[in-house]
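# Results of the structural survey
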Amino acid sequence: MKKAFFVFIMMTAFAALGIHAQAANNVTKMINTEKVSWGQVSYFSAVAQGLVSDDASNEAAFALLQKSGIAASDKNALSAITFAELAHVCAQTWKVNNSFMYKISPSPRYAFTMMRANGIIPRNVDPDSVPNGHDVLNVITATMEMVSDEKGGKK
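First, a word on scope: everything that follows refers to the structure included in this document. Small disclaimer: the values here were computed from a predicted structure and weren't measured.

## Let's talk about the overall build of the protein chain
The secondary structure content of the protein chain amounts to eight helices and zero strands. Ordering the α and β elements of the protein chain from the N terminus gives α-α-α-α-α-α-α-α. Across the 155 residues in the protein chain, those meeting the buried criterion constitute 45%. Summing over all exposed atoms, the protein chain offers an accessible surface of approximately 8,100 Å²; the carbon and sulfur share of this is 54%.

Structure, rendered in structure tokens:
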């Protein structure tokens, strides 16, 4: 029941962003992924930012994130992403900037600390651990909700 509700919420959120059939396929693939790659996260980030269409490849999306400086040059689309790196991508994608240290130095380390302080990432998570698909979708959803609440004045 919980999994079905989560999938419904994710589909609704991405539909609101204008993401269609390809994104639904990518959400399904993400749910079944044990170790998420940079390419997978890049796809969701690039589509949310309007940098690529929903039928773009993970590799194309990753190349754009690498070009923008969000992804390090020593990574590739198939490299596993860490929780710290995921936090940084989410912070950059959805313009989360409510940490003094992150404002001064927008790095994965400070993004992770900021996301953990906001309750988006659980306190017991190691920043260097690799998230599974559920973890990634939970972080993305929580980030989007937090930003939406801040813009709507609910927070």
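Back to the write-up after that little detour.
## A word on helix α7 (residues 108-117)
Those residues of α7 that sit buried are Tyr 110, Ala 111, Phe 112, Met 114 and Met 115. At the exit of α7 stands Gly 119, carrying a positive phi of roughly 80°.

## Quick word on the pattern of salt bridges
Oppositely charged side chains may form a pair once their charged atoms are brought near each other. Applying the stated criterion to the full structure yields one salt bridge. The shortest N-O distance in the salt bridge between Lys 75 and Glu 85 comes to 3.1 Å. Of the two residues, Lys 75 is situated in the loop between α4 (58-68) and α5 (83-93) and Glu 85 in helix α5; the sequence distance between them amounts to 10 residues. For Lys 75, a relative accessible area of 23% gives the class partly exposed. Exposure remark for Glu 85: the relative accessible area of 13% places this residue in the buried category.

## Notes on the nonpolar core
Grouped together as the largest cluster of nonpolar side chains are 44 residues, with contacts concentrated most on Val 96, Met 115 and Ile 121. Here Val 96 is in contact with Cys 90, Ala 91, Tyr 102, Met 114, Met 115, Thr 143, Met 146 and Val 147, once residues within four sequence places are set aside.

## Observations regarding a nonpolar patch on the surface
There is a patch of nonpolar side chains on the surface, built from Phe 100, Met 101 and Ile 104 and spanning about 330 Å² of accessible area. If you trace the backbone, Phe 100 turns up in helix α6 (residues 100-104).

## Here we look at α5
Counting buried residues along α5, 10 of its 11 residues qualify, which places the element largely inside the surrounding structure. Considered for burial, the residues of α5 that qualify are Phe 83, Ala 84, Glu 85, Leu 86, Ala 87, His 88, Val 89, Cys 90, Ala 91 and Thr 93.

## Structural notes on the environment of Val 147
Checked against the element boundaries, Val 147 lands in helix α8 (residues 133-152). On the basis of relative accessible area, Val 147 is assigned to the buried category, the value being 8%. Linking Val 147 and Lys 95, residues 52 residues apart in sequence, is a C-alpha distance of 8.0 Å. When near neighbours in sequence (up to four residues on either side) are disregarded, Val 147 contacts Trp 94 and Val 96.

## Considerations on the packing of helix α3 (residues 38-49) against α5
α5 packs onto α3 with a crossing angle of 10° between their chain directions and a minimal axis gap of 10 Å. What the angle tells us is that α3 and α5 run roughly parallel. For the pair formed by α3 and α5, the contact residues are Trp 38, Val 41, Ser 45, Ala 48 and Gln 49 on the first element and Glu 85, Leu 86, Val 89 and Thr 93 on the second. When grouped by side-chain class, the residues that make up the contact of α3 with α5 number five nonpolar, three polar and one charged.

## So, the packing of α3 against α4
A pair of packed helices is characterised by two quantities: the angle between their axes and the separation of those axes. With their axes 7 Å apart at the nearest point, α3 and α4 run at an angle of 75° to one another. Overall, the two elements α3 and α4 adopt an arrangement that is roughly perpendicular. Touching Trp 38, Gly 39, Gln 40, Ser 42, Tyr 43, Ser 45, Ala 46 and Gln 49 of α3 are Asn 58, Ala 61, Phe 62 and Leu 65, all from α4.

## Let's talk about the environment of Ala 71
Turning to its location among the elements, Ala 71 is positioned in the loop between α4 and α5. For Ala 71, a relative accessible area of 3% puts it in the buried group. With 15 residues separating them along the chain, Ala 71 and Leu 86 place their C-alpha atoms 10.0 Å apart. With residues near it in sequence (within four places) discarded, Ala 71 still touches Trp 38, Phe 62, Leu 65 and Gln 66.

Basis of the calculations
- Residues numbered from 1 in each chain as written.
- Predicted model: local features only at pLDDT ≥ 70, side-chain atom pairs only at ≥ 80, totals over all residues.
- Heavy atoms only, no water.
- Helix = DSSP H or I, 4+ residues; strand = E, 2+ residues; numbered from the N terminus.
- Buried < 20%, exposed > 50% of the residue type's maximum accessible area, 1.4 Å probe, protein only.
- Areas by Shrake-Rupley, 256 points an atom, 1.4 Å probe, with all protein chains shown as cover.
- Salt bridge = Lys/Arg side-chain N within 4 Å of Asp/Glu carboxyl O.
- Core = buried A, V, L, I, M, F, W, Y, C linked by side-chain atoms within 4.5 Å.
- Contact = heavy atoms within 4.5 Å.
- Patch = residues over 30% accessible without salt bridge, like charges linked within 9 Å, V, L, I, M, F, W, Y side chains within 5 Å.
- Axes fitted to C-alpha atoms, helices over the stretch in contact; angles between N-to-C directions.
- Parallel < 35°, antiparallel > 145°, perpendicular 65-115°, else oblique.
- Nonpolar A, V, L, I, M, F, W, Y, C, P; charged D, E, K, R; others polar.

Don't take any of this as a statement about function, it's just geometry.
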